[in-house]
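Single-letter residue listing:
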Amino acid sequence: LKVTSGTTDAYGTRPSDVTISLGRGDVFNLVAVFDSEGASTDALAPEFTLTNQAGTFTRGELITGSASGAKARIIDTTSPMSYALTKGFGATEFTTADTITGDSSGATSTVTALTAGSKVITNYFTLDTGQRDNYYDIARLERKPNFSAPRGRLLVVYDYFSHSAGSYFSVD
């Protein structure tokens, strides 16, 4: 989800708002939030260029670097592949000495180039799934107290359940 100041500037849709709507229900995990630190540029996830791919990676899959031991979740499977480190900012980063391996697919590929992403600010926010005992609301991010507003556009990466029309949920 890209969060920018838009034409309506409605509360909950701007990067500077304390509460940012994700615009959907069924969200269960916040993966990463990136800040472009500039009002006119989009936030980007880090990327690497791959060669010698064997197998097919899947979006959302956990990957591990052979040399660095870095772990990340795949955001986009096409090369250059975008990803979010599982430990966030300051975590062990991938290197060009890595061969990445997908945990569920078993796919492998050699990292040939790395491109840094925007500033990681995931720790600025908590995820409110919108799920309550008496109703089911849209998910949102709540900025934690004592954290300043992001300086630029945001890229929010999250996990959610998808279902078709007419599906219902039950505890039974």
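The structure under discussion appears in the preceding block.
Residues numbered from 1 in each chain as written. Predicted model: local features only at pLDDT ≥ 70, side-chain atom pairs only at ≥ 80, totals over all residues. Heavy atoms only, no water.

Comments concerning the pattern of salt bridges
Oppositely charged side chains may form a pair once their charged atoms are brought near each other. The cut-off we apply is this: Any carboxyl oxygen of Asp or Glu within 4 Å of a side-chain nitrogen of Lys or Arg constitutes a salt bridge here. Note on classification: 1.4 Å probe, protein chains only; a residue is buried when its accessible area is under 20% of the maximum for its type, exposed when over 50%, partly exposed between these limits.
On inspection of all chains with the given rule, the structure shows eight salt bridges. Across the pair Arg14 and Asp17 runs a salt bridge whose closest N-O atoms are separated by 2.7 Å. According to the relative accessible area criterion, Asp17 is buried, its value standing at 4%. Asp137 is paired through a salt bridge with Arg140; the nearest N and O atoms lie 2.7 Å apart. By relative accessible area, which is 26% here, Asp137 ends up partly exposed. Arg140 sits in the buried class, given a relative accessible area of 16%. Linked by salt bridges that have partners in common, Asp128, Arg132, Asp137 and Arg140 make up one network.

As for the layout of surface pockets
Short version of the rule: Computed over the protein atoms alone on a 1 Å grid, cavities are sets of points where a 1.4 Å probe fits but cannot get out and pockets are open sets with protein on both sides within 12 Å along at least five of seven lines; a residue lines them when it has an atom within 4 Å of a point. Grid points are joined across faces, edges and corners, and a volume is the space filled by probe spheres set on the points. A run of H or I in DSSP counts as a helix once it spans at least four residues, and a run of E counts as a strand once it spans at least two, with each numbered from the N terminus. Side-chain classes follow a simple rule in which Ala, Val, Leu, Ile, Met, Phe, Trp, Tyr, Cys and Pro form the nonpolar group, Asp, Glu, Lys and Arg form the charged group, and the remainder, Gly included, forms the polar group.
The calculated volume of the largest pocket comes to roughly 470 Å³. Every residue lining the largest pocket is counted, 19 residues in all, and those nearest its centre are Arg59, Ile75, Val157, Tyr158 and Tyr160. Only β6 (71-76) and β13 (154-160) provide two or more residues apiece to the lining of the largest pocket. Looking at side-chain class alone, the lining of the largest pocket contains eleven nonpolar, two polar and six charged residues.

Here we look at the sheet that holds strand β7 (residues 81-85)
Within a sheet, neighbouring strands are paired by backbone hydrogen bonds and run either parallel or antiparallel to one another. Counted only if it meets this: Strands are treated as partners if at least two bridges between them are detected by DSSP. For every element, the axis is a line fit to its C-alpha atoms; helices are fit only across the contacting stretch, and the angle between N-to-C directions ranges from 0 to 180 degrees.
Taken in spatial order, the six strands of this closed barrel run β4-β7-β6-β5-β8-β9, and their pairing is antiparallel. Going from strand to strand, the sheet's axes swing by 45 degrees on average, the running direction of each strand aside. Taken together, the four bridges between β6 and β7 define a ladder with antiparallel strand orientation. Bridging from a neighbouring strand, Arg73 pairs with Ala84 of β7.

A closer look at the environment of Asp9
Within the fold, Asp9 resides in the loop between β1 (2-3) and β2 (19-21). A relative accessible area of 33% means that Asp9 is categorised as partly exposed.

So yeah, pure geometry; function would need other evidence.
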